[in-house]
Amino acid sequence: MLTIRNLCAAYGKVEVLHGISIEVPKGKVVTLIGSNGAGKTTTMRAVSGMLTPSAGEITLNGERIDGLESYAIAKRGLAHSPEGRRVFATMTVRDNLLLGAFPRLTGSRPRGDVAADLERAFELFPRLKERRTQLAGTLSGGEQQMLAMARAIMLNPEVVLLDEPSMGLAPILVEEVFRIIAQLKERGVTMLLVEQFAAAALGVADYGYVLENGRISLHGPAAQLRHDPAVKAAYLGG
Ligand code: ATP
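Keep in mind the model is a prediction, meaning the values are calculated, not measured. (Residues numbered from 1 in each chain as written. Predicted model: local features only at pLDDT ≥ 70, side-chain atom pairs only at ≥ 80, totals over all residues. Heavy atoms only, no water.)

Undergrad: I'd like to hear about the sheet that holds strand S9 (residues 207–212), residue by residue, with values.
TA: With mixed pairing, 6 strands are arranged side by side in an open sheet as S6-S7-S8-S3-S9-S10. Only two strands of the sheet have a single partner each, and these edge strands are strand S6 (78–81) and strand S10 (215–221). Adjacent strand axes in the sheet meet at a mean angle of 15 degrees, parallel and antiparallel pairs treated alike. By the bridge criterion, 4 bridges tie strand S3 (residues 29–33) to S9 in an arrangement that is parallel. Bridge assignment links Ile-33 to a residue of S9, and that residue is Val-210. Each of S6 and strand S7 (159–163) is contacted by helix H6 (residues 141–153), which is oriented at about 180 degrees to S6, the strand it contacts most. Sheet strands touched by helix H7 (residues 171–186): S3, S7 and strand S8 (190–194). Its angle to S8, the strand with the most contacts, is close to 155 degrees. (Pairing = 2+ DSSP bridges. Helix = DSSP H or I, 4+ residues; strand = E, 2+ residues; numbered from the N terminus. Axes fitted to C-alpha atoms, helices over the stretch in contact; angles between N-to-C directions. Contact = heavy atoms within 4.5 Å.)

Undergrad: A description of the packing of aromatic side chains should follow, citing residues and the corresponding values.
TA: This model, assessed by the stated rule, comprises 1 aromatic pair. Centre to centre, the rings of Tyr-207 and Tyr-209 are 5.4 Å apart; their planes meet at 55 degrees, and the pair counts as tilted. For Tyr-209, a relative accessible area of 5% corresponds to the buried category. (Phe/Tyr/Trp six-rings, centres within 6.5 Å; stacked < 30°, edge-to-face > 60°. Buried < 20%, exposed > 50% of the residue type's maximum accessible area, 1.4 Å probe, protein only.)

This is how it looks when you write it as structure tokens:
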């Protein structure tokens, strides 16, 4: 479904990703683990077209997407919920969600039923339903993060990139985010997940990759990585 082959990416002359390869099969959750600055966010940005890769191939359902504009990539069904709280502050919660559906309405993929998808998003995120007429900029930080995630889902995507969905959230909201990820998985949504809570990420994922200084150092089934001594020592708190 999503295949990343020998991907390189740089900021100016500084190369950050040195040829990484990742497979995200249909219906699976794959997690990318790594310490600060390893290149996880850069990987997500290169896949969604926010950053143009300097080398390598990225395919979605067999078609090359590397080098396309991010809007064109979204139209093909790849949604990116970026790190941080990126919402349209002066628009309502509902309008933010409807914007998430916009690229699919202009693409060649089936348009689907936006109203039904909005209801489904509200089922997953009841907090957002209560606040649907509120301006996004007045939501709490945690609620804004959930809105960014819900907006990505509104694309009715083939694949979702989730970059640190639990960042900065209170523990109870972190649990809620992982509960939502598990529900999305049950619905068959394909996901590439970057998370600071590596143990929880490996708990929900099928497969994991470890990124160290822009290279994949290890990969395997999530259950296996959870018990790997090196992974435990470096990322799971011993
Ligand atoms: P974290 O867990 O801290 O978010 P990460 O694994 O997501 O880290 P990236 O954000 O991808 O790491 O950063 C990888 C490297 O690229 C870091 O050394 C970072 O300083 C550098 N970098 C990231 N964004 C830029 C930028 N816009 N310009 C220059 N260098 C950047």
